[in-house]
2 protein chains.
Amino acid sequence: MRGVVLHAPGDVRVENREDPRMEQPSDAIIRVAAACVCGSDLWPYRGIEAVNQPTPMGHEYVGVVEEVGAEVTTIKPGQFVVGSFFASDNTCEICQAGYQSRCVHAEPVGAIGTQAQYARIPLADGTLVATPDQPTDDLIPSLLAASDVLGTGWFGAVAAEAGPGKTVVVVGDGAVGLHAVLAAKYLGAERIIAMSRHADRQKLALEYGATDIVTERGDDGVAKIKELTNGLGAHSVVEAVGTQESMMQAIRTTRPGGHIGYVGVAHDVQLPGDELFFAEVHLLGGPAPVRRFLPELVDLIVRRELDPGKVFDLTLPLEQAAEGYQAMDQRRAIKTLLRP
Amino acid sequence: MRGVVLHAPGDVRVENREDPRMEQPSDAIIRVAAACVCGSDLWPYRGIEAVNQPTPMGHEYVGVVEEVGAEVTTIKPGQFVVGSFFASDNTCEICQAGYQSRCVHAEPVGAIGTQAQYARIPLADGTLVATPDQPTDDLIPSLLAASDVLGTGWFGAVAAEAGPGKTVVVVGDGAVGLHAVLAAKYLGAERIIAMSRHADRQKLALEYGATDIVTERGDDGVAKIKELTNGLGAHSVVEAVGTQESMMQAIRTTRPGGHIGYVGVAHDVQLPGDELFFAEVHLLGGPAPVRRFLPELVDLIVRRELDPGKVFDLTLPLEQAAEGYQAMDQRRAIKTLLRP
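Residues numbered from 1 in each chain as written. Chains lettered and ligands numbered in written order. Predicted model: local features only at pLDDT ≥ 70, side-chain atom pairs only at ≥ 80, totals over all residues. Heavy atoms only, no water.

### Side note on the packing of aromatic side chains
In step 1: Counted under the stated rule, the structure contains 12 aromatic pairs over all chains.
In step 2: Between the aromatic rings of A:Phe277 and A:Phe278, the centroid separation amounts to 5.0 Å while the plane-to-plane angle is 80°, which identifies the pairing as edge-to-face.
In step 3: For A:Phe278, a relative accessible area of 41% translates into the label partly exposed.
In step 4: Ring geometry for B:Tyr45 against B:Tyr325: centres 5.4 Å apart, planes inclined by 35°, an arrangement best described as tilted. With B:Tyr45 in helix H1 (residues 42-45) and B:Tyr325 in helix H12 (residues 321-329), the pair connects residues that are 280 residues apart, well separated along the chain. (Phe/Tyr/Trp six-rings, centres within 6.5 Å; stacked < 30°, edge-to-face > 60°. Buried < 20%, exposed > 50% of the residue type's maximum accessible area, 1.4 Å probe, protein only. Helix = DSSP H or I, 4+ residues; strand = E, 2+ residues; numbered from the N terminus.)

Take a look at the structure:
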């Protein structure tokens, strides 16, 4: 089959990879209908994470089930499915508490590489959610978004306890941050402040429900948020970048007793204990347990109550994946959808 | 009046201080019935925090109201009162949300120094809670404990979401940690694991409701907690020390999705962002909003349902404060009560 392989920073190739085969009786093999490039794929693409060997890429996916193992009981061949970037059994104590990304049997789907024609999905019953029918083509981008960026933004907003009466700040205007805006809106937040400097992203943030745009960053950004919240800070802050600056911005813009949901994968972040102590904020973050939210998100998408597919402003055939990475790296695209 | 002044690390003196005077119409002056030495007083006593000038000491207190300002409406002269170590108006948005230690008008009572015969308490209506009657002498230690160590341990347990069905770990066996055990028991926790190496503290932890004692620390302590929790970690962890080691122990012993309440004042702590991210735990901590809990705690104490006064294993006249500090520093006493 054809699949995307990162050979070195900036060196994305589409090449022949071995077809996936069943390895465990709980596996499924899917034919990938659509995959995409994630903000987190840009870390190794930019050389911020090491690339030590040719690495199959991709952890977001929707597709049609080709084959299931003997132990798979709920997922059937022919179904159209959405899954998370962590395979999970969905039955252990951690999964049952809603933290499927930390399932005791969790496996990162990123190790498999879903920017390809086919993919083996471990723990199929626990990982995959089938749509009620074969979706029409226009629903595919939104279902694909649910696989990571929507589910991750959703987790950020839930972790930040966005809801009625709340002022929510979203730090980061990538696809995850934009979907945190969408989630905060759906969860009933009163005011949603998107911190963004890019016109195309500001526009989408407003479409998704942002009530205010703040372009300042760092101390100026903090001052602006304080000014907009009677000097108190926001009730809820979603951090969707993963840098020291963005985490400190989140901590400093949250009011005492407020909630931070942080979903940007942390890179070289050290949180100063004394500042955190006196900030007196709730913190919850990590790899999003997307599977917790998938049944609801898939339902909302097929009923056309959510349109997260808007975030894909570039669609390319899988063979042109390199251009998709470059466009995101250069911020010419918010997010690239790849069609195998 | 007589009061405790720290002149340099290890140099505690009881000397003449100026009598406090009303400064604001919202103040009250109280005659201190009992004060005590806090674990946090040991930081400057040990020279870990700088002592730049002679410093009046003490932030825990119970006493009788002598005088109130013109704006004080609920607190009356003659009442026996308990207050928190942060004065708060108890009316602002932050107080109303339960975070009185971060009140928009918060003032640290520690700046006043309550290890003395009298003390000025700012924002008396918002800060002080009166007992229904004059308490009998045997209740005074417990009421004094409510002023900080009980209230702080309580906040730690509430922040860690201790409750029915939960396994709670308490890191730190000082007075705050011991009261976190008491709080976890009251809140209905199923299992309470106290991490302690000192026989006197282990004994009190068991009296307060601990079901298990773990003496290991660091990686061995983490391994032991994992062993006791099916490899998953605890649901709830209270951190009551404030060092890098204790914070990392708390993070590493909490299961994904679990809750950490951290109430040890952070000293030279840096939390590694990547480990925190993948730990996927809830964090909440800071200076405890004791005022949130005081009405309930005072009620439980006067009805003799809680006996936190047990933590005072040394009672001295105020004039012997230096011995009280030394006994705690040398771990001959868990906590010293001072009688002016």
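### A short note on the sheet that holds strand E1 (residues 2-8) of chain B
Hydrogen bonding along the main chain pairs the strands of a sheet, whether they run parallel or antiparallel.
Residues and elements named next belong to chain B.
In step 1: Judged by pairing direction, the sheet is antiparallel, and its three strands sit side by side in the order E2-E1-E4 without closing on themselves. Each having just a single partner strand, strand E2 (11-16) and strand E4 (55-56) make up the two edges of the open sheet.
In step 2: Strand direction decides the pairing type here: E1 and E4, joined by two bridges, are antiparallel. The residue of E4 that forms the bridge with Val5 is Pro56.
In step 3: Most of the contacts of H12 go to E2, to which it runs at about 155°, and overall it touches E1 and E2. (Pairing = 2+ DSSP bridges. Contact = heavy atoms within 4.5 Å. Axes fitted to C-alpha atoms, helices over the stretch in contact; angles between N-to-C directions.)

### Some details on the relation of the copies chain A and chain B
Between the two copies of this chain, the relationship is a rotation about some axis together with a displacement along it.
In step 1: Overlaying chain A on chain B yields an RMSD of 0.0 Å, the required transformation being a rotation through 180° with an accompanying axial translation of 0.0 Å. On this basis, the relationship between the two copies can be described by a two-fold rotation axis.
In step 2: Mapped onto chain B, 100% of the interface residues of chain A again fall at the interface, so both copies present the same surface. (Least-squares fit on C-alpha atoms with pLDDT ≥ 70 in both.)

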